[in-house]
Amino acid sequence: ILEVKNLTKRFGALKAVNGLSFRVRQGTISALIGPNGSGKSTTFNLITGHLKPDSGTILFEGHHLEGLPAEEIARLGIARTFQTPQIFTHLTVLENVLLSVYQRKRPGLLSSLLRLPNFFKKEKEAQEEAFVYLERFFLADEAHRPAEGLPLGKLRHLELARALALKPKLLLLDEAASGLDPREKIDLAEALTSLPQEGITLFWVEHDLNLLMEVAEEVIVLDQGEKIAEGPPREIQRNPRVIQVYLGEEHA
Ligand code: ATP
Ligand code: MG
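A few points on the structure. Keep in mind that this is a model prediction, so the values were computed, not measured. (Residues numbered from 1 in each chain as written. Chains lettered and ligands numbered in written order. Predicted model: local features only at pLDDT ≥ 70, side-chain atom pairs only at ≥ 80, totals over all residues. Heavy atoms only, no water.)

This brings us to the coordination of the magnesium ion (ligand 2). For the magnesium ion (ligand 2), the full set of protein donor atoms is S41 (OG) and Q83 (OE1), and the range of their distances to it is 2.0 to 2.3 Å. Remark: Q83 occurs in the loop between β6 (78-80) and α3 (93-105) and S41 occurs in helix α1 (residues 40-47); sequence separation between them is 42 residues. A relative accessible area of 37% means that Q83 is categorised as partly exposed. (Donors = N, O, S within 2.8 Å, 3.2 Å for Na, K, Ca; no water. Helix = DSSP H or I, 4+ residues; strand = E, 2+ residues; numbered from the N terminus. Buried < 20%, exposed > 50% of the residue type's maximum accessible area, 1.4 Å probe, protein only.)

Structure follows, in structure tokens:
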């Protein structure tokens, strides 16, 4: 579904992503791992158009993404979550999800519609749809409270509800489980691992390697912006170079 070739992004002298090539197969859960600063979030930002690559190509279902604005990439079917949750704190939990529902149904119209009074109260159908996502991520009880002040675990769930309400084909998760307690992580993993059966491919960054090794079929390992390994979790766990990189980080 996604093919990245020779992708490079520099920040001044730093090559945050360096000649990176990989594929994400349709219908899989694929993981992107690597130590802090290895270029995972930068890779996501390049795919979603939040950053422009210096060179290289990104193909999504045959469309070239490099150079496209983020909104257009979202419209092609790529949604994401952020390491720091990006939600509208002044809106309620329900309104946050409704925004995604409307963004999907009427792209472009959204900003003008938002200025209308009672915009969110109007459409029952959209509300019902939003509640499907709220329930899926255990947020129905919080629907009418402001998103501001929600605990981190709930914010992460809200971001996922927002991303899925866009009905993406590919969902990029940047540390969706970080900051969650073990119980919340299990609930989250359960809610997410069923997505490929619904036609949603997952590309997942997480520092909790135990979690990823359980759920991923394919793992790509970055170090200093370069791919140092890729393969199924069993192989990755035995790969000497991967072990060295992770031991090096712990001893640093
Ligand atoms: P983490 O696990 O800590 O989230 P990461 O693998 O996501 O790390 P990136 O955030 O992609 O790493 O960062 C890769 C490198 O690029 C780091 O050295 C980081 O400091 C640098 N970097 C990232 N974004 C910028 C930016 N906007 N300007 C300058 N340097 C940046
Ligand atoms: Mg990151």
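Turning our attention to the pairing of strand β9 (residues 218-223). Where strand β3 (residues 29-33) meets β9, 4 bridges bridge the pair, whose relative direction is parallel. Each residue of the ladder has a partner; that of I33, found in β9, is V221. The pairing of β9 with strand β10 (residues 226-231) spans 5 bridges and is classified as antiparallel. What sits directly across from L222, in β10, is K227. Counted between consecutive antiparallel strands, the loop separating β9 from β10 contains 2 residues, among which Q224 sits at a positive phi close to 50 degrees. (Pairing = 2+ DSSP bridges.)

Taken together, 14 residues are adjacent to ligand 1, and N36, G37, K40, T42 and Q83 come closest. Within the side chain of K40, an N or O atom sits 2.7 Å from an oxygen atom of ligand 1. At 2.9 Å, a backbone N or O of S41 approaches an oxygen atom of ligand 1. Its free accessible area being 640 Å², ligand 1 has 61% of it covered by the protein chains. Where the shell around ligand 1 is concerned, the elements lending two or more residues are β2 (14-24) and α1. No other element matches the 3 residues that α1 contributes to the shell around ligand 1. Here the shell around ligand 1 is composed, by residue class, of 4 nonpolar, 8 polar and 2 charged. (Near = heavy atom within 4 Å. Polar contact = N/O pair within 3.5 Å; in protein donor to acceptor, adjacent residues only side chain to side chain. Areas by Shrake-Rupley, 256 points an atom, 1.4 Å probe, with all protein chains shown as cover. Nonpolar A, V, L, I, M, F, W, Y, C, P; charged D, E, K, R; others polar.)

Looking now at the pairing of strand β4 (residues 55-60). For strand β1 (residues 2-11) and β4, the ladder comprises 5 bridges, and the chain directions are antiparallel. Bridge pairing in β4 links V4 to I58. If you look at the hairpin formed by β4 and strand β5 (residues 63-64), you'll find 2 residues sitting between the two strands, and E61 has a positive phi there, around 45 degrees.

A rise of 1.5 Å per residue sets the reference length of helix α5 (residues 124-136), with its 13 residues, at 18 Å; its end C-alpha atoms lie 19 Å apart and thus fit the reference within 8%. Buried within α5 we find A126, E129, A130, Y133 and L134. Mapping the buried residues of α5 onto a view down its axis gives an arc of 145 degrees, with all of them on the same face. Summarising the geometry of α5, the exposed residues directed more than 90 degrees from the buried face are K124, E125 and E135. (Expected span 1.5 Å × (residues − 1). Arc of directions from axis to C-beta.)

A few words now on the sheet that holds β6. The strand order β6-β7-β8-β3-β9-β10 describes an open sheet built from 6 strands, whose pairing is mixed. Two strands lie at the open edges of the sheet, namely β6 and β10, each paired on one side alone. Direction aside, the axes of adjacent strands within the sheet are offset by 20 degrees on average. As paired elements, strand β7 (residues 170-174) and strand β8 (residues 201-205) share 5 bridges and run parallel to each other. Within β8, the residue paired with L171 across the bridge is L202. Lying over the sheet, helix α6 (residues 152-164) contacts β6 and β7, oriented at roughly 160 degrees with respect to β7. (Axes fitted to C-alpha atoms, helices over the stretch in contact; angles between N-to-C directions. Contact = heavy atoms within 4.5 Å.)

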